[in-house]
Amino acid sequence: MVEIKRNKRPVLVWMNLAEDFQEDPARVPEVVRRLAGAGVTDLCPFAYPPGGRVVYQRSRLMHRARQVDLLGPLVETAHRLGVRVHYVLLPFTHLGEVSLAGLPDPVLVPYLNDQFEKKEYYCVSDPASLVRCLAVLDEVRRDYGVDGFQLDSIRDRGAVLVCQCPRCWKRVEDFYGGRVAPPEEMAGHKSFRVWYAASRKEYVTALVRAVHETAAGLGAEVNMAARSWSGGGAFAEGQDWPDWVRLGLMEMVAPMTYHPADFETFTVEVERQLRLAPAGFQNLWPAIGINPGRGSMTGAMFRRQLDWLVERGVSGLSIFQASGLSDELLAILADRTG
Ligand SMILES: [Zn+2]
């Protein structure tokens, strides 16, 4: 009989509080207990509301709508069980969807995503984005006592497309010394894309640095989810996590994968991320993607990816996300961590 290596490493799981628990807040402590019972050591709650309904009440910044407090019970239950909580910060998108009384609104910019579907995001080079991000961080740390923060989607969206907000477009015109071709045309030139990627990296890194400094001042850690390799272009979007690790700005990095039915591609992507990590960096926690929205994962595939990560000797592992953890998958996780 083949001996299974037991996982004694940290296991992080994301929880979409806003979407999964608004209708049934009493389930929060119960789900946290089940996860902890299966060996989960770290939780990353998504607490901002997609529809604008507020799911935390303790912060003066978040009182636009009356709503139940989901974050409080999560943190209290988790801490009683020795589970750490990293609050998810999404500076480019959702931070703008809650009402932050008295804070400036960042510029809302339409952009075309990979499928050329028009969406909107907040320009991260806008100082208002940082002001809001730090305000949320400060209040959530003080009012909820979370252990740390996770920067999610920490990049400037759309690998080759140019942010067309007045600030970014002026930066382009200033660099080129006058009026330039339309963004779509500019994005077709390699030299432009190289310069633009460097410029992006500079302001995204500035935001990461400010978040890290503020969090450190409050005794909290900062980690991040790194973009899945399959999407490509993370560096072109200003997400250079190996550099942030070298600069001491990232305590832990969770590289994402979403391959519920493709074991080979899963291992190839994780290996690439492991190679990118600076020598000696001990906190790369690759993610197994079991997001129900991207196809279902069988118990056999979950077990296979889990066992491979443990065999591979990773320092921790992550699972995206809690709602995808069926009783069967939780039992497999519990078996591997017990
Ligand atoms: Zn912009």
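Up top you'll find the structure we're talking about.
Rules used in this analysis
Residues numbered from 1 in each chain as written. Predicted model: local features only at pLDDT ≥ 70, side-chain atom pairs only at ≥ 80, totals over all residues. Helix = DSSP H or I, 4+ residues; strand = E, 2+ residues; numbered from the N terminus. Buried ≥ 20, exposed ≤ 12 C-beta atoms within 10 Å, placed from the backbone. Contact = placed C-beta atoms within 7 Å. Pairing = 2+ DSSP bridges. Axes fitted to C-alpha atoms, helices over the stretch in contact; angles between N-to-C directions. Arc of directions from axis to C-beta. Parallel < 35°, antiparallel > 145°, perpendicular 65-115°, else oblique. Left-handed = near helix turned anticlockwise from the far one by under 90°. Nonpolar A, V, L, I, M, F, W, Y, C, P; charged D, E, K, R; others polar.

### Some remarks on the overall build of the chain
- Summing up its helical and strand segments, the chain has 11 helices and 10 strands in all.
- Taking all 338 residues of the chain together, 42% fall into the buried category.
- In the chain, 79% of the contacts between residues at least 6 apart in sequence involve partners at least 24 apart.

### Some points on the pairing of strand β7 (residues 221-226)
- Counting buried positions over the 6 residues of β7 gives 5, a clear majority of the element.
- The sheet contact formed by strand β6 (residues 148-151) and β7 spans 4 bridges and is parallel. Considered in β7, the bridge of Leu-151 is made with Met-224.
- Pairing geometry for β7 and strand β8 (residues 252-255), over 4 bridges, is parallel. Within β8, the position partnered with Met-224 by the bridge is Val-253.

### Considering the pairing of strand β1 (residues 11-16)
- The element β1 is extensively covered by neighbouring structure, given that 5 of its 6 residues are classed as buried.
- Where β1 and strand β10 (residues 317-320) come together, 3 bridges link them in parallel fashion. Bridging from a neighbouring strand, Leu-12 pairs with Ser-318 of β10.

### What to know about the sheet that holds β10
- One open sheet holds the 8 strands; their spatial order is β8-β7-β6-β3-β2-β1-β10-β9, and the pairing between them is parallel. The outermost strands of the open sheet, each flanked by one partner alone, are β8 and β9 (287-289). Neighbour-to-neighbour, the strand axes of this sheet turn through a mean angle of 25°, independent of strand direction.
- Summarising the sheet, strand β3 (residues 84-89) and β6 pair through 4 bridges and their orientation is parallel. If you follow His-86 over to β6, its bridge partner there is Gly-148.

### Brief notes about the environment of Ala-216
- Relative to the helices and strands, Ala-216 resides in helix α7 (residues 190-217).
- Residues Ala-216 and Leu-249 lie 33 residues apart in sequence; the distance between their C-alpha atoms is 9.8 Å.

### Concerning helix α2 (residues 27-37)
- Of all the residues in α2, the buried ones are Val-28, Val-31, Val-32 and Leu-35. Buried positions in α2, seen along its axis, are confined to an arc of 100° and lie on one side of it.
- Tucked inside the fold, the buried residues of α2 contact β1, α1 (17-21), β2 (42-46) and α3 (71-80).
- Positive phi shows up at Gly-39, right after α2, with a value of about 100°.

### Re the packing of helix α10 (residues 299-312) against helix α11 (residues 327-337)
- Between α10 and α11, the shortest axis-to-axis distance is 10 Å and the interhelical angle comes to 25°. Judged by the inter-axis angle, α10 sits roughly parallel to α11. Between α10 and α11 the crossing geometry is right-handed. Only Glu-328, Leu-329, Ile-332 and Arg-336 of α11 make contact with α10, whose side of the interface consists of Gly-299, Phe-302, Arg-303, Leu-306 and Val-310.
- Considered class by class, the residues forming the contact of α10 with α11 number 5 nonpolar, 1 polar and 3 charged.

### Focus: the environment of Val-245
- Structurally, Val-245 is set in helix α8 (residues 241-246).
- The exposure class of Val-245 is buried, given the 21 C-beta atoms found within 10 Å.
- Residues Val-245 and Asn-283, spaced 38 residues apart in sequence, show a C-alpha to C-alpha distance of 9.7 Å.
- Leave out the neighbours within four places in its chain, and Val-245 touches Met-250, Val-253, Ala-277, Pro-278 and Phe-281.

### Quick notes on the packing of helix α9 (residues 263-276) against α10
- Where α9 meets α10, the closest approach of the two axes is 11 Å, and the angle between their N-to-C directions is 25°. The orientation of α9 relative to α10 falls into the category roughly parallel. Considering the relative orientation of α9 and α10, their crossing is right-handed. Here α9 contributes Phe-263, Phe-266 and Thr-267 to the contact with α10, which in turn contributes Met-301, Arg-304, Gln-305 and Trp-308.
- Residues of the contact of α9 with α10, tallied by class, amount to 4 nonpolar, 2 polar and 1 charged.

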